[in-house]
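Breakdown of the fold
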Amino acid sequence: MKILLKILYIIYQIFIAFPVMVIMTIITALEVGIGTTIGNGHFWGYYPGRWWAKVIMRAFLIPVKVEGRENLEKEQSYVFVANHQGIFDIFLIYGYLGRNFKWMMKYQLGKIPFVGYACKKSHQIFVDKRGPKKIKQTYDTAREILQEGYSVTVFPEGARSFTGHMGIFRKGAFALANELQLPVVPLTINGSFDVLPRTRGFINLIDWHPLRLTIHQPIYPVGQGPDNVDATMRQAYESVMSGLVPKYQGYVENPDQ
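This part takes up the sheet that holds strand β5 (residues 151-154). Spatially, the seven strands line up as an open sheet ordered β1-β7-β6-β2-β5-β3-β4, and their pairing is mixed. Each having just a single partner strand, β1 (64-67) and β4 (125-127) make up the two edges of the open sheet. The average angle at which neighbouring strand axes cross in this sheet is 20 degrees, direction not considered. Direction of pairing for strand β3 (residues 101-106) relative to β5: parallel, over a ladder of three bridges. When the bridges of β5 are listed, K102 appears paired with V152. On the sheet, helix α4 (residues 88-96) packs against β1, β2 (79-82), β3, β5, β6 (184-190) and β7 (211-215) and is oriented at approximately 55 degrees with respect to β7.

In structure tokens:
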């Protein structure tokens, strides 16, 4: 029975789920491009992407569970930090976090057809480390977004896991939160690595597996300076790690970091 279900799911992906993904990506990119040109950039830069992510998750028949939304205050800006298990992390957070935010993402993602266009038009924050001037521009953009009352979401590992386990966290997001004295909210993602491991690549078919997003208690700044950065990063790391299922508990070095 399991083999039959897997075969049926493969057929379903080829003829329904992937075509839906492609069509929705094109439609959403055009919608974001037009909307941000003529209307409210913060609205059109978030809601079409949120709907896009939800439709894709539903197209692949992947169930989602979210825990901890009650930990967030309605009008508060946050720096969200999450572990990075795989590509489906994007759909999970975008579709189900329930907050208007901007992504902090690698600048190389701006080259992806349609997705890169939509990200540029919606003023997502491209992290470019090719020199001090570009690094400063990245943080200036993030600072403006947060000061306007919106939030940002970061994968502080900087790269997807090869094993499902967590690597190390980089300090950038925590330094930004420290500078603006904003709370950091750890997010734990479970299931994304089981859906599509990085070693397989996105051109391959996915495995059906439930996803879970855990929103932990915000970590508010205690003081300001390097000690606060280090303490917040350490606490956030421990919170994210605590929410992982047992088989992905523990640090594993990520050679891509």
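It is worth spelling out the side chain of Q13 at this point. With respect to the element layout, Q13 can be found in helix α1 (residues 2-38). For Q13, a relative accessible area of 0% translates into the label buried.

What follows covers α1. Compared with an ideal rise of 1.5 Å per residue, which puts 37 residues at 54 Å, α1 spans 50 Å between its outermost C-alpha atoms and is within 8% of the ideal. In the structure, α1 departs most strongly from a straight axis at Q13, where the bend amounts to approximately 50 degrees. Looking at the packing, one finds that the buried side of α1 touches α2 (41-44), α3 (47-59), α4 and α5 (115-121).

The next point concerns the pattern of salt bridges. Two side chains carrying opposite charge are able to pair once their charged atoms lie near each other. Applying the stated criterion across every chain yields a total of seven salt bridges. Linking R143 and E179 is a salt bridge whose minimum nitrogen-to-oxygen distance equals 2.6 Å. Of the two residues, R143 is situated in helix α6 (residues 132-147) and E179 in helix α7 (residues 172-180); the sequence distance between them amounts to 36 residues. Between D194 and K247 there is a salt bridge, with its nearest N and O atoms 3.0 Å apart. Here K247 lies in the segment after α9 (226-242) and D194 lies in helix α8 (residues 192-195), a separation of 53 residues in the sequence. D194 gets classed as buried once you look at its relative accessible area, which sits at 17%. One continuous salt-bridge network, built from bridges that share partners, spans K65, E67 and R212.

Calculation criteria
- Residues numbered from 1 in each chain as written.
- Predicted model: local features only at pLDDT ≥ 70, side-chain atom pairs only at ≥ 80, totals over all residues.
- Heavy atoms only, no water.
- Pairing = 2+ DSSP bridges.
- Helix = DSSP H or I, 4+ residues; strand = E, 2+ residues; numbered from the N terminus.
- Axes fitted to C-alpha atoms, helices over the stretch in contact; angles between N-to-C directions.
- Contact = heavy atoms within 4.5 Å.
- Buried < 20%, exposed > 50% of the residue type's maximum accessible area, 1.4 Å probe, protein only.
- Expected span 1.5 Å × (residues − 1).
- Bend = angle between axes of the 7 residues up to and from the residue.
- Salt bridge = Lys/Arg side-chain N within 4 Å of Asp/Glu carboxyl O.

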